[in-house]
Amino acid sequence: MKKIGIIGAMAGEVAHFKELMEAVQVRGKAGMDFFMGRLVGQDVVVVQSGIGKVNAAVCTQILIDDFQVDTVINSGIAGSLCNRIHIGDVVIATDTVQHDVDASGSGDKEDVPGQIPGLDTFSFPADVYLRELATKACQEVNAEIQVFQGRIVSGDQFIADAKHKAWMIDEFAALCTEMEGAAVGQVAYLNRIPYVVIRVISDQADGSAHVDFPTFAKQAMEHSVKLVVRLMERL
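First things first, this report covers the structure right here in the doc. Predicted model, so just to flag it, every value in this text is computed and none were measured.

What counts, and where the lines are drawn
Along each chain, the written sequence defines residue order, and numbers are assigned to residues from 1. For this predicted model, a pLDDT threshold of at least 70 governs which residues receive local features, and a threshold of 80 or more governs which side-chain atom pairs are given and counted, while totals over whole chains, interfaces and linings are taken from all residues. Hydrogens and waters are ignored; side-chain quantities use all the structure's heavy atoms. Elements are defined by DSSP. Helices are runs of H or I of four residues or more, strands are runs of E of two residues or more, and each kind is numbered from the N terminus. Three exposure classes are used, based on accessible area relative to the maximum for each residue type with a 1.4 Å probe and protein chains only: buried under 20%, partly exposed in between, and exposed over 50%. In what follows, a contact means two residues having at least one pair of non-hydrogen atoms within 4.5 Å. Only C-alpha atoms enter the line fits that serve as axes; for helices the fit covers just the stretch in contact. Angles between N-to-C directions range over 0 to 180 degrees. Crossing handedness is read from the near helix: turned anticlockwise from the far helix by less than a right angle, it gives a left-handed crossing, and turned clockwise, a right-handed one. In the scheme used here, Gly and all other residues not listed as nonpolar or charged are polar, with Ala, Val, Leu, Ile, Met, Phe, Trp, Tyr, Cys and Pro taken as nonpolar and Asp, Glu, Lys and Arg as charged. For two strands to be treated as a pair, DSSP must find at least two bridges joining them.

## A few points about the overall build of the chain
Counting its secondary structure elements, the chain contains six helices and ten strands. When the backbone C-alpha atoms are referred to their principal axes, the chain occupies close to 55 × 40 × 30 Å. Looking at the 235 residues of the chain, the share that counts as buried comes to 54%. Restricting to contacts in the chain with at least 6 residues of sequence separation, those with at least 24 account for 77%.

Below you can see the structure in the form of structure tokens.
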């Protein structure tokens, strides 16, 4: 039987998952609480990683090493990089890239922005089965919103600058930007386990987040939880 690690970006999101879980046990490590139990018939470990790529990477490796998960689902919120994708919509990653990695100054023609030197891949492909299942799950439980599949970029930056946003669109052809998914993707890739990143759009990554974020974060969280639960039911 599979054991699935669910990494949530927000405390409220993790709290919703805990409410739905059975036979819950808690273990702490690296400043994170890992909630073990059953969710809609599946063995799961639910954890809030904290913000940023380092937290996400540490969290993912702990899930693999200490809890022996063989699948990772990372859900949370993101800023849109596409005019067709609006606040409340969902993006399912086809692959993830770290937009703030840039070794291009090294002089090596292989070191383009986003490429981690020495790694044999530019992006980290999400599991095809998981992303297709997540897309169908979203269409079933969040019929009032749009769902897209495409590249998600991650970096230790909250994007609120129009020029930076335009650069990321041109450089990476990504649909949205956030702060953890590609770190989860890299760890999953290195450990050869399937993963998927699910993001609900909370802002437009254009400087309006101070208005949009408080209003739409709660709605985004609700969409995300419903989607992940339905995904779990289909696995």
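## Here's the deal with the packing of helix 2 (residues 53-67) against helix 5 (residues 181-191)
Where helix 2 contacts helix 5, the two axes come as close as 8 Å, and the packing angle between them is 35°. Helix-helix and strand crossings are classified by hand; for helix 2 and helix 5 the assignment is right-handed. Residues Lys 53, Ala 56, Ala 57, Thr 60, Gln 61 and Ile 64 of helix 2 form the contact with helix 5, whose own contacting residues are Ala 183, Val 184, Val 187 and Asn 191. For the contact of helix 2 with helix 5, the per-class residue count stands at six nonpolar, three polar and one charged.

## Focus: the pairing of strand 10 (residues 195-203)
A regular strand carries its side chains on alternate faces of the sheet. With nine of its nine residues buried, strand 10 lies for the most part within the structure. Note that strand 5 (residues 71-80) and strand 10 share eight bridges and pair parallel. What sits directly across from Gly 76, in strand 10, is Arg 199. Judged from the three bridges that link them, strand 6 (residues 90-98) and strand 10 form a sheet pairing that is antiparallel. Bridged to Val 91 within strand 10 is Arg 199.

Such coordinate-based values are descriptive only and should not be taken to indicate function.
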